[in-house]
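Per-entry structural report
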Amino acid sequence: MSKPLPTTVRTHFTALRALLVLTVILGIAYPLLITGISQVAFSDKANGSIVKADGQPIGSSLLGQNYNLPKKNPDDPKEDPVPDPKWFQPRPSANNYAGDNSGASNLGPNSDDLLKAVNDRRAAVAAFDGVDPASVPVDALTASGSGLDPHISVAYAKEQVNRVAKERNLSVEKVTELVDKYTESRSLGFLGQEGVNVVLLNKAISEQK
């Protein structure tokens, strides 16, 4: 009769078998199952909700982006970006819409820096859109918590309609119609507020002749 293995060795073999079984189930089978389900049922979302134009990716409907004029000197890091008046502009971003660096400014409500930034943005947006500074919506002045939100309020989108229509030689009615088309309802019908996806709206604007 063979001598039984020491308890310590048997315990280690048991732990090793459990590790191998769980690795196969949780590390291989489960991820493959979930990936398969997501690709079949939610292919677009599972692959990043990529937005394409003429077959080429131009962004993601989940991530905001800037719509600025080209820099006069691309190599000058101190040159401030200038928004392009032909596009609907997103809300500010504390991280310049960098997908690998999401986050807010962390400036509190009593911060003098935040107050100055808000006042500067209010004046700039009012001048850019040709409106009364008092009418500029809050989301045009403050960044989202992630700095990546592609949505703006309906009020901010409609504030920009006249500018975009003029720059693109489109009717105000046509541009307003597009804003309404890309206005998304509240989550689950009651969470949050209605919003306009700037990425999708600008894509639609670019397709107008």
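Look a little higher up for the structure.
Not measured: the values here are computed from a predicted model.

Before going further, it helps to spend a moment on the nonpolar core. With 27 residues, the main nonpolar core has Phe88, Val175, Val179, Val196, Leu201 and Ile205 as its most contacted residues. Tallying contributions element by element places helix α7 (residues 198-206) first for this core, with 5 residues. Setting aside residues no more than four positions away along its own chain, Leu201 makes contact with Phe88, Leu178, Val179, Tyr182 and Val196.

Our focus in this paragraph is the pairing of strand β2 (residues 56-60). In terms of strand pairing, strand β1 (residues 50-53) meets β2 through 4 bridges, oriented antiparallel. Bridge assignment links Ala53 to a residue of β2, and that residue is Gln56. Hairpin connection, β1 to β2: the antiparallel pair is bridged by 2 residues, and Asp54 has positive phi, about 55°.

Moving on to the sheet that holds strand β5 (residues 195-197). What links the strands of a sheet is backbone hydrogen bonding, and the strands pair in either a parallel or an antiparallel sense. Spatial strand order, β3-β5-β4: 3 strands in an open sheet with antiparallel pairing. A strand with exactly one partner marks an edge of an open sheet, and here the two such strands are β3 (151-153) and β4 (183-184). Pairing between β4 and β5: 2 bridges, direction antiparallel. If you follow Glu184 over to β5, its bridge partner there is Gly195. α7 contacts β3, β4 and β5 of the sheet and is inclined by roughly 55° relative to β5.

Taking 1.5 Å per residue, 18 residues should reach 26 Å; helix α3 (residues 112-129) reaches 26 Å between its end C-alpha atoms and fits that length. Every buried residue belonging to α3 is among Val118, Val125, Ala126 and Asp129, and all of these are buried. Burial along α3 is one-sided: seen end-on, the buried residues are contained in an arc of 100°. Among the exposed residues of α3, those oriented more than 90 degrees off its buried face are Asp112, Asp113, Lys116 and Ala127. Buried residues belonging to α3 abut α4 (154-159) and α5 (161-168). N-capping of α3 is provided by Ser111, with a side-chain oxygen placed 3.2 Å from the backbone N of Asp113. Following α3 by one or two positions, Gly130 adopts a phi angle in the positive range, close to 70°.

Next up on the list: the side chain of Gln89. With respect to the secondary-structure elements, Gln89 resides in the loop between β2 and α3. Here Asp84 takes part through its backbone oxygen, which lies 3.0 Å from a polar atom of the side chain of Gln89. Dropping the residues within four chain positions of it, Gln89 is found in contact with Tyr67, Asn68, Pro83, Asp84, Phe128, Ile152, Tyr156, Gln160, Arg163 and Val198.

This part covers unusual backbone geometry. Peptide bonds are mostly trans, and most non-glycine residues show a negative phi. The backbone of Tyr97 sits at a positive phi, close to 60°, despite the residue not being glycine. Note that Tyr97 resides in the loop between β2 and α3. Not every positive phi belongs to a glycine, and Asn106 is a case in point at roughly 65°. Residue placement: Asn106 occurs in the loop between β2 and α3. A relative accessible area of 73% means that Asn106 is categorised as exposed.

Basis of the calculations
- Residues numbered from 1 in each chain as written.
- Predicted model: local features only at pLDDT ≥ 70, side-chain atom pairs only at ≥ 80, totals over all residues.
- Heavy atoms only, no water.
- Core = buried A, V, L, I, M, F, W, Y, C linked by side-chain atoms within 4.5 Å.
- Buried < 20%, exposed > 50% of the residue type's maximum accessible area, 1.4 Å probe, protein only.
- Helix = DSSP H or I, 4+ residues; strand = E, 2+ residues; numbered from the N terminus.
- Contact = heavy atoms within 4.5 Å.
- Pairing = 2+ DSSP bridges.
- Axes fitted to C-alpha atoms, helices over the stretch in contact; angles between N-to-C directions.
- Expected span 1.5 Å × (residues − 1).
- Arc of directions from axis to C-beta.
- Polar contact = N/O pair within 3.5 Å; in protein donor to acceptor, adjacent residues only side chain to side chain.

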